[in-house]
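# Examination of the molecular architecture
Listed here are the chains, written in short residue letters.
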Amino acid sequence: MKKQYDVIIAGAGVAGCFAALHLPADKQILMITKKGMEECDSYLAQGGICVLKDPSDYDSFFEDTMRAGHYENRKESVDCMIRSSKGVIEELMGYGVDFARNPDGTLEFTREAAHSTNRILHHEDITGEEITTHLQAAVKKLPNVEISEYTRMVDLLCKNNRCDGIVVLDGDGELHTVFASHILLATGGIGGIYENSTNYPSLTGDSLALCLRRGIKLEHVNYVQIHPTTFYSEKKERRFLVSESVRGEGATLLDKNGERFTNELLPRDLLSQEILKQMAKDHTKYVHLNMMAITKFDIAKRFPHIVKHCLECGIDPKKEYVPVVPAQHYFMGGIHVDLNSHTSMDHLYASGETCCNGVHGKNRLASNSLLESLVFAKNAAGHMVKIDGQRAWEGRKPRYISNLDKSLSELAAIYDLDLDSLYDTKDRDQENRQLIWDEIDRENTLMDQNAE
């Protein structure tokens, strides 16, 4: 690991990778990831990725997204995502992503809850894994990208509302300061702070906690989506998600008596409420998902990984009901960013689930997450290039050049670093979790007061 790069990307999911792929080949890039590259939530997205099929679908796509978000979405962000979707899909296919096709070779569009039409592309029931593996493979081929796994970002090098780099703790427990012209935070969501979540437990909102400590603007941290249907288990482990697509293709939800009790295609927040109400009424820990109601195709071929997981847990979804329960799934709030994924701090960007660009509003429309991450990560890369062009024209030297050879203790004084606390990851983790929970409680209190 060097002392200086052009761009540092914290995170190796679809947002981080797509940004790296859209930066010029002469930019030296450091990409770090807290765990291995495959331990990111981008891998876990089952359902698919939305796309504007044709111009006539724009109005309904826009309205579906706004309605699901309770009209708290930023309209300009929704517009940007939708209009950029076709180009992003074409790029993904250029990287080898294999979307399902009809017998005549055309792309197969499926549907999920709260969509008014079929506009979702998928690869079996592991769309996220298909996209992520191809993007990561492409990034690994780039000679200008250095990837450092099991490397944790523990602080930002900030001064006068300007980010000069990051502090990392490597796999050997050593602290390093790394400088860059631009820093992109793409570290995922906050599922790791919840007892029941579909997220990897390592996703604990580290970037959010750092921004709270550094006075960087956050937005809607209390906007957390609960997925209605995760596989119920008595074990304390990451909850296995049973994709929205299963219900989109016809599976039904049943109470303890085997009776259907709701519209399965409600937006996720409303459907979760209906399930929780039914569980309370029935005095049960879960409800039943009836995948046997899907008769137009073999569910083992359309949803092979979901069926496999059920079988491994002793449930045959072709013959019996699947127990499902709501669990924390997705984070709509986060670090406030604009259309270029730029935060309130100069030279600091954020993309993917760790940021809030306003696309999702109060509730995410199914299969918009992968698309949103890709569109705005690409925007971030484009904005970095634009800023560098302006700097080159002005003939500026790197703003942090005088600090490159300073000792760790000298840098601690310049950037207000508490070195002892940065080594103690256990206490730091607990403090970070509490910071985020306190912010969630604060925003919930404000929301309740405004509602009165």
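Criteria and cut-off values
Residues numbered from 1 in each chain as written. Predicted model: local features only at pLDDT ≥ 70, side-chain atom pairs only at ≥ 80, totals over all residues. Heavy atoms only, no water. Pairing = 2+ DSSP bridges. Helix = DSSP H or I, 4+ residues; strand = E, 2+ residues; numbered from the N terminus. Axes fitted to C-alpha atoms, helices over the stretch in contact; angles between N-to-C directions. Contact = heavy atoms within 4.5 Å. Buried < 20%, exposed > 50% of the residue type's maximum accessible area, 1.4 Å probe, protein only. Salt bridge = Lys/Arg side-chain N within 4 Å of Asp/Glu carboxyl O. Core = buried A, V, L, I, M, F, W, Y, C linked by side-chain atoms within 4.5 Å. Parallel < 35°, antiparallel > 145°, perpendicular 65-115°, else oblique. Nonpolar A, V, L, I, M, F, W, Y, C, P; charged D, E, K, R; others polar.

Reading across the sheet, the four strands line up as E10-E13-E12-E11 and stay open at both edges, with antiparallel pairing between neighbours. On the outer flanks of this sheet lie strand E10 (224-231) and strand E11 (252-254), each paired with one strand and no other. The mean inter-strand angle of the sheet, taken between neighbouring strand axes irrespective of direction, is 45 degrees. Relative to strand E13 (residues 322-331), strand E12 (residues 287-290) is paired through three bridges, and the arrangement is antiparallel. Counterpart to valine 287 in the pairing with E13 is valine 324. Where helix H7 (residues 268-282) meets the sheet, it contacts E10, E11, E12 and E13, and its direction lies at approximately 55 degrees from that of E10.

Right, let's talk about the environment of leucine 23 for a bit. In this structure, leucine 23 sits in the loop between helix H1 (14-21) and strand E2 (29-32). Since its relative accessible area comes to 9%, leucine 23 is described here as buried. In this structure the C-alpha to C-alpha distance between leucine 23 and alanine 451, which are 428 residues apart in sequence, comes to 44 Å. Here leucine 23 is in contact with Val7, Ile29, Ala381, Met384 and Val385, once residues within four sequence places are set aside.

Spatial ordering of the open sheet is given by E9-E14-E16, a layout of three strands whose pairing is mixed. In the strand order of this sheet, the two ends are held by strand E9 (218-219) and strand E16 (355-356), each with one partner. In this sheet, E16 lies alongside strand E14 (residues 334-336) in parallel orientation, the contact comprising two bridges. Bridge pairing in E16 links histidine 336 to cysteine 356. Taken strand by strand, helix H5 (residues 206-214) contacts E9 and E14, and its axis lies near 50 degrees from that of E14.

Let us now look at the pattern of salt bridges. What the rule picks out here adds up to 26 salt bridges. Residue aspartate 155 pairs with arginine 428 through a salt bridge whose shortest N-O separation is 4.0 Å. Highlighted residues: aspartate 155 in strand E6 (residues 152-159) and arginine 428 in helix H13 (residues 425-451), separated in sequence by 273 residues. Here aspartate 155 and arginine 428 have matching classes, each one buried. The salt bridge involving glutamate 244 is made with arginine 247; its shortest N-O contact spans 3.4 Å. Here the residue glutamate 244 and the residue arginine 247 both occupy positions in helix H6 (residues 244-248), the gap between them amounting to three residues, near one helical turn. A relative accessible area of 1% means that glutamate 244 is categorised as buried. Judged by relative accessible area, which is 3%, arginine 247 ranks as buried.

Judged by nonpolar contacts, the single largest core of 52 residues is most densely connected at Met31, Ile49, Leu92, Ile131 and Leu135. Element by element, the count of residues in this core is highest for helix H10 (residues 369-394), at 10 residues. Look past the residues within four positions of methionine 31 in its chain and what remains in contact with it is Ile9, Gly11, Ala12, Gly16, Cys17, Ala20, Met37, Val139, Val145, Glu146, Ile147 and Ser148. Counting residues in each nonpolar core, the second largest holds 32 residues, with Ile8, Ile190, Leu208 and Met345 among its members.

Another point: the packing of H5 against H13. One way to put it is that H5 packs onto H13 with a least axis distance of 9 Å and a crossing angle of 75 degrees. The angle between H5 and H13 places the two elements in the roughly perpendicular class. Contacts from Asp206, Leu208, Ala209, Leu210, Leu212 and Arg213 in H5 reach Arg428, Glu431, Asn432, Leu435, Ile436 and Glu439 in H13. Classifying every residue of the contact of H5 with H13 gives six nonpolar, one polar and five charged.

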